[in-house]
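Observations on the model geometry
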Amino acid sequence: MKEAAGSCTHMRGCEMYGLFGSQTLLEAWKERFCHGDYTKCQRYVRTLRGERVPATLLPNGMDLPSMGKS
Amino acid sequence: MSDPSFWPFWVGALCLGGLVALTWALERRLIAGSGSITRVTTALSDGDWGAADEKLLNDQDALQAALMAATLAEFGEQPDVAAPAAPTPPAQPSSWAPAYAHLVFLMMIGVGGLLSALQTGTFNADWSLGTSFNEIMGAGPVMIGYLVLGGLAVGFGTRMASGCTTGHGLCGVSRFQVGSFVATGAFFGTGIAVSYLIEFLT
């Protein structure tokens, strides 16, 4: 997959992007994925495949509810 | 004079506009008919109706705890991040809702039609789509075959256009989205053209 340039084109309407602004520490997600190599974001990848994107799916492919249980 | 067998057009306009405004005011999301069908069929397929996601998203403490745990797991104890130069913009509109909410939305479309038919006294269980339609498309299995093909074409088109008359026509146009103007023009333009074509053929 080609290296992404610029910011993710799917930020508008992305439930996860809004959540990443709630605390400074969470900005790391934006730097790595939203404004970094967004082609590695699993939300972006799934959207391109036409697959369902759960609201709680993290860019690295992990699901938030499973993180809450750990 | 309006046809007494239907509710006046402005009742439908008020209901649809009110639904869009109310959904946005209460849930900060947009309605999407084809998206709802997709979500419900996917839930029927994978069994995930979104209840767990909804519970987490509505529990701010649990949500923040899960986010922090995920962040530390991905980036380590102290991710090297700079404070944002500007505050994050408010959440943008999305169509996310648990699948059962989409199911209720789709069921209410039928309930609305039923209420209208009952109120005007025109309710009648009938599979006919009209004499003009039958003259061109035939009846029985042939007609059903055409309807299935039409449904597949509509499904393909709405996926390709990322929306249908609800998402683009109601929500997109009201938000002045250029793509929605193009899509809605294509939907209704094609509908008007086909209507004239049927009129011409019959």
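Residues numbered from 1 in each chain as written. Chains lettered and ligands numbered in written order. Predicted model: local features only at pLDDT ≥ 70, side-chain atom pairs only at ≥ 80, totals over all residues. Heavy atoms only, no water.

1. What about helix α1 (residues 9–27) of chain B?
All names here are of chain B. In a regular helix each residue adds 1.5 Å, so 19 residues correspond to 27 Å; α1 covers 27 Å between its end C-alpha atoms and thus fits that length. Every buried residue of α1 is accounted for by Val11, Val20 and Thr23. Looking straight down α1, one finds its buried side chains confined to an arc of 165°; they lie on one side. For α1, the exposed residues lying more than 90 degrees away from the buried face are Leu14, Leu22 and Ala25. On its buried side, α1 packs onto α8 (165–174). A positive phi of about 55° marks Arg28, the residue just after α1. (Helix = DSSP H or I, 4+ residues; strand = E, 2+ residues; numbered from the N terminus. Expected span 1.5 Å × (residues − 1). Buried < 20%, exposed > 50% of the residue type's maximum accessible area, 1.4 Å probe, protein only. Arc of directions from axis to C-beta. Contact = heavy atoms within 4.5 Å.)

2. A short note on helix α5 (residues 99–120) of chain B
Residue and element names in this part refer to chain B. In this model, α5 (22 residues) spans 32 Å end to end at C-alpha, consistent with the 32 Å of a helix rising 1.5 Å per residue. Turning to α5, its buried residues number three or more, namely Ala99, His102, Phe105, Ser116 and Ala117. The secondary structure elements touched by the buried residues of α5 are α1 and α2 (33–46). Trailing α5 by a residue or two, Gly121 shows a phi angle of about 70°, which is positive.

3. Some remarks on the packing of α8(B) against helix α9 (residues 178–201) of chain B
All names here are of chain B. Where α8 meets α9, the axes come as close as 9 Å, and the angle between the chain directions of the two elements is 130°. Considering the angle they form, α8 stands oblique to α9. The handedness of the crossing between α8 and α9 is left-handed. Residues Thr165, His168, Gly169, Gly172 and Val173 of α8 pack against Ser180, Phe181, Ala183, Thr184, Phe187 and Phe188 of α9. Considering only residue class, the contact of α8 with α9 consists of five nonpolar, six polar and no charged. (Axes fitted to C-alpha atoms, helices over the stretch in contact; angles between N-to-C directions. Parallel < 35°, antiparallel > 145°, perpendicular 65-115°, else oblique. Left-handed = near helix turned anticlockwise from the far one by under 90°. Nonpolar A, V, L, I, M, F, W, Y, C, P; charged D, E, K, R; others polar.)

4. Concerning the packing of aromatic side chains
Scanning the entire structure with this criterion turns up four aromatic pairs over all chains. Ring plane angle 90° and centroid distance 5.0 Å describe the contact between A:Trp29 and B:Phe75, whose orientation is recorded as edge-to-face. In this pair, A:Trp29 sits in helix α2 (residues 27–34) while B:Phe75 sits in helix α4 (residues 60–75), so the two residues belong to two different chains. B:Phe75 matches A:Trp29 in its accessibility class, with the two residues each being buried. Ring centres of A:Tyr38 and A:Tyr44 lie 5.0 Å apart, and the angle between their planes is 75°; on these two criteria the pair is classed as edge-to-face. Of the two residues, A:Tyr38 and A:Tyr44, both sit in the buried class. Every member of this aromatic cluster is reached through a ring pair, and the members are A:Phe20, A:Trp29, A:Phe33 and B:Phe75. The ring of A:Tyr17 carries A:Lys30 above its face, with NZ or CZ at 4.7 Å from the centroid. (Phe/Tyr/Trp six-rings, centres within 6.5 Å; stacked < 30°, edge-to-face > 60°. Lys NZ or Arg CZ within 6 Å of the ring centre and 35° of its normal.)

5. A short note on the interface of chain B and chain A
Facing the 33 residues of chain B at the interface are 32 residues of chain A. Counting the surface lost from both chain B and chain A, the interface buries some 2800 Å², and carbon and sulfur atoms represent 64% of this. Counting across the interface, chain B meets chain A through three salt bridges. Remark: the boundary between chain B and chain A carries six residue pairs in polar contact (both at pLDDT 80 or more). Taken together, the elements giving at least two residues each to the side of chain B that touches chain A come down to α2, α3 (51–58) and α4 of chain B. (Buried area = accessible area lost by both parts, 1.4 Å probe. Salt bridge = Lys/Arg side-chain N within 4 Å of Asp/Glu carboxyl O. Polar contact = N/O pair within 3.5 Å; in protein donor to acceptor, adjacent residues only side chain to side chain.)

6. Quick look at a nonpolar patch on the surface
A contiguous nonpolar surface patch, about 610 Å² in accessible area, is contributed by B:Trp7, B:Leu103, B:Val104, B:Met107, B:Met108, B:Val111 and B:Leu115. Tracing the backbone through its elements, the reader meets B:Leu103 in helix α5. (Patch = residues over 30% accessible without salt bridge, like charges linked within 9 Å, V, L, I, M, F, W, Y side chains within 5 Å. Areas by Shrake-Rupley, 256 points an atom, 1.4 Å probe, with all protein chains shown as cover.)

7. What to know about the nonpolar core
Within the largest apolar cluster, 22 residues are counted, with the highest numbers of intra-cluster contacts made by A:Met16, A:Phe20, A:Trp29, A:Leu58, A:Leu64, B:Leu63 and B:Leu67. Broken down by secondary-structure element, the contributors of at least two residues to this core are α1 (15–19) and α2 of chain A together with α4 of chain B. Per-element tally for this core: the top contributor is α4(B), with five residues. Residues contacting A:Leu64, with those up to four places away along its chain left out, are A:Met16, A:Thr56, A:Leu58, B:Leu56, B:Leu63, B:Ala66, B:Leu67 and B:Ala70. (Core = buried A, V, L, I, M, F, W, Y, C linked by side-chain atoms within 4.5 Å.)

8. Side note on the pattern of salt bridges
With the rule as written, the count across this model stands at eight salt bridges over all chains. A salt bridge links A:Arg43 to A:Glu15; the nearest nitrogen and oxygen atoms lie 3.0 Å apart. Of the two residues, A:Arg43 is situated in helix α3 (residues 42–49) and A:Glu15 in helix α1; the sequence distance between them amounts to 28 residues. The partner of A:Arg49 in a salt bridge is A:Glu51, with the nearest N and O atoms 3.7 Å apart. For A:Glu51, a relative accessible area of 37% corresponds to the partly exposed category. In the salt-bridge network here, residues are joined through shared partners; they are A:Arg52, B:Asp46 and B:Asp48.

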